[in-house]
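Structural overview for review
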Amino acid sequence: MFAARSLVGKALKPQYKRFSTFGSLAKQLSGLENSRMYQFQKSLPKLPVPALADTCSKYLRSVRPLLDDANYAKTEAAVEEFQKSGVGAELQRRLEAKAADPKCVNWLEDWWNDLAYMGYRDPLVPYVSYFFTYKDDPRRKNQVKRAASILSAAMEFRQQSITGELEPERTKAYPFCMYSYKFMFNACRIPKKPCDYEVTFDPHANTHIAVVRKNKFYTLDMFPIAVYCGWW
């Protein structure tokens, strides 16, 4: 959201075209599988399942700063019983079977999204999602010019993302999975109990942004010529 003065002459009524949560979105992405942005997706290794002993050891290290000696001793005993009773081994077997399923891309993804994001009820900022601010721009002191500059850069990035032209992120040795970028633009989180869900919108039909000026909300189409002339 950006404050604006002369950028908005009048409100433009947007035409929303919605995708289903995953079905139509998957079809949209299928056409980009061989694009520059997703060129490494098929070669990425699957998330490995840690050994049961490693998981239990990491759990104990994680809770140690939170517990006094007496409660930590009880936790150690519970973890040891979990491993010896056969329950831990059975759950580990099921987890490894899930990870080995050819239809499963990432065994942690659904649980992580539901428990750490969609079902998490504390404020997202700062407990889950961090935020940032921009440094002062010495070339653009005017607020409207600054907003226009940021918007221009964001729209260029959006264009590269939805066309698959974006360069994949990577370390020096390995590329990153880029599928999460499909929710960076034209996506919305819808509240629902017990777990929220995401909805995506057609990026070619929904090209506007929201602008706030003195508690009045406007829609500003960022690609009016291309959309109205049918170039997009």
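Notes on the structure in this doc start here. This structure is a prediction, so every number in the text was calculated from the model and none was measured.

In this section: the packing of helix α2 (residues 52-63) against helix α3 (residues 69-84). Running from N to C, α2 and α3 cross one another at 170°; their axes reach a closest spacing of 11 Å. One way to sum up the angle between α2 and α3 is to call them roughly antiparallel. Touching L52, A53, C56, Y59, L60 and V63 of α2 are Y72, T75, E76, V79, F82 and Q83, all from α3. For the contact of α2 with α3, the residue count by class is 9 nonpolar, 2 polar and 1 charged.

The description of an aromatic ring pair rests on the distance of the ring centres and on the angle between the ring planes. Applying the stated criterion across every chain yields a total of 4 aromatic pairs. Considering the side-chain rings of Y38 and Y179, the 5.2 Å spacing of their centres and the 40° angle between planes classify their relative orientation as tilted. Taken as a pair, Y38 in the loop between α1 (23-30) and α2 and Y179 in the loop between α7 (143-163) and β1 (187-190) lie far apart in primary sequence, 141 residues in all. Assessed through its relative accessible area of 3%, Y38 is described here as buried. Since its relative accessible area comes to 30%, Y179 is described here as partly exposed. Judged by centre distance (6.2 Å) and plane angle (35°), the rings of F157 and Y181 are tilted. A residue pair is termed long-range when its members are at least 10 positions apart, and F157 in helix α7 and Y181 in the loop between α7 and β1 qualify at 24 residues. Overall, the relative accessible area of 28% leaves F157 in the partly exposed class.

So, on to the environment of A116. Structurally, A116 is set in helix α5 (residues 109-118). Judged by its relative accessible area of 18%, A116 falls in the buried class. Separated by 12 residues in the primary sequence, A116 and V128 have C-alpha atoms spaced 7.7 Å apart. Dropping the residues within four chain positions of it, A116 is found in contact with W111 and V128.

All told, the structure shown has 9 salt bridges when counted by the stated rule. In this structure, R36 engages E167 in a salt bridge whose closest nitrogen and oxygen atoms are separated by 2.4 Å. With R36 in the loop between α1 and α2 and E167 in the loop between α7 and β1, this residue pair connects regions lying 131 residues apart in the sequence. We note a salt bridge from R189 to D196, for which the minimum N-O separation is 2.8 Å. Note on R189: relative accessible area 25%, which makes it partly exposed. Here the residues in one salt-bridge network are E90, R93 and R94, joined through shared partners.

We now examine unusual backbone geometry. In this structure, the amide linkage connecting K193 to the following residue, P194, adopts the cis form with an omega of -5°. Note on placement: P194 falls in the loop between β1 and β2 (197-200). The phi torsion at N186 lies on the positive side, around 55°, for a residue other than glycine. Checked against the element boundaries, N186 lands in the loop between α7 and β1. Its identity is not glycine, yet K214 carries a phi of approximately 50°, on the positive side. Within the secondary structure layout, K214 lies in the loop between β3 (208-213) and β4 (216-221). Taking relative accessible area as the criterion, K214 reaches 68% and is therefore assigned exposed.

Definitions and cut-offs
Residues numbered from 1 in each chain as written. Predicted model: local features only at pLDDT ≥ 70, side-chain atom pairs only at ≥ 80, totals over all residues. Heavy atoms only, no water. Axes fitted to C-alpha atoms, helices over the stretch in contact; angles between N-to-C directions. Helix = DSSP H or I, 4+ residues; strand = E, 2+ residues; numbered from the N terminus. Parallel < 35°, antiparallel > 145°, perpendicular 65-115°, else oblique. Contact = heavy atoms within 4.5 Å. Nonpolar A, V, L, I, M, F, W, Y, C, P; charged D, E, K, R; others polar. Phe/Tyr/Trp six-rings, centres within 6.5 Å; stacked < 30°, edge-to-face > 60°. Buried < 20%, exposed > 50% of the residue type's maximum accessible area, 1.4 Å probe, protein only. Salt bridge = Lys/Arg side-chain N within 4 Å of Asp/Glu carboxyl O.

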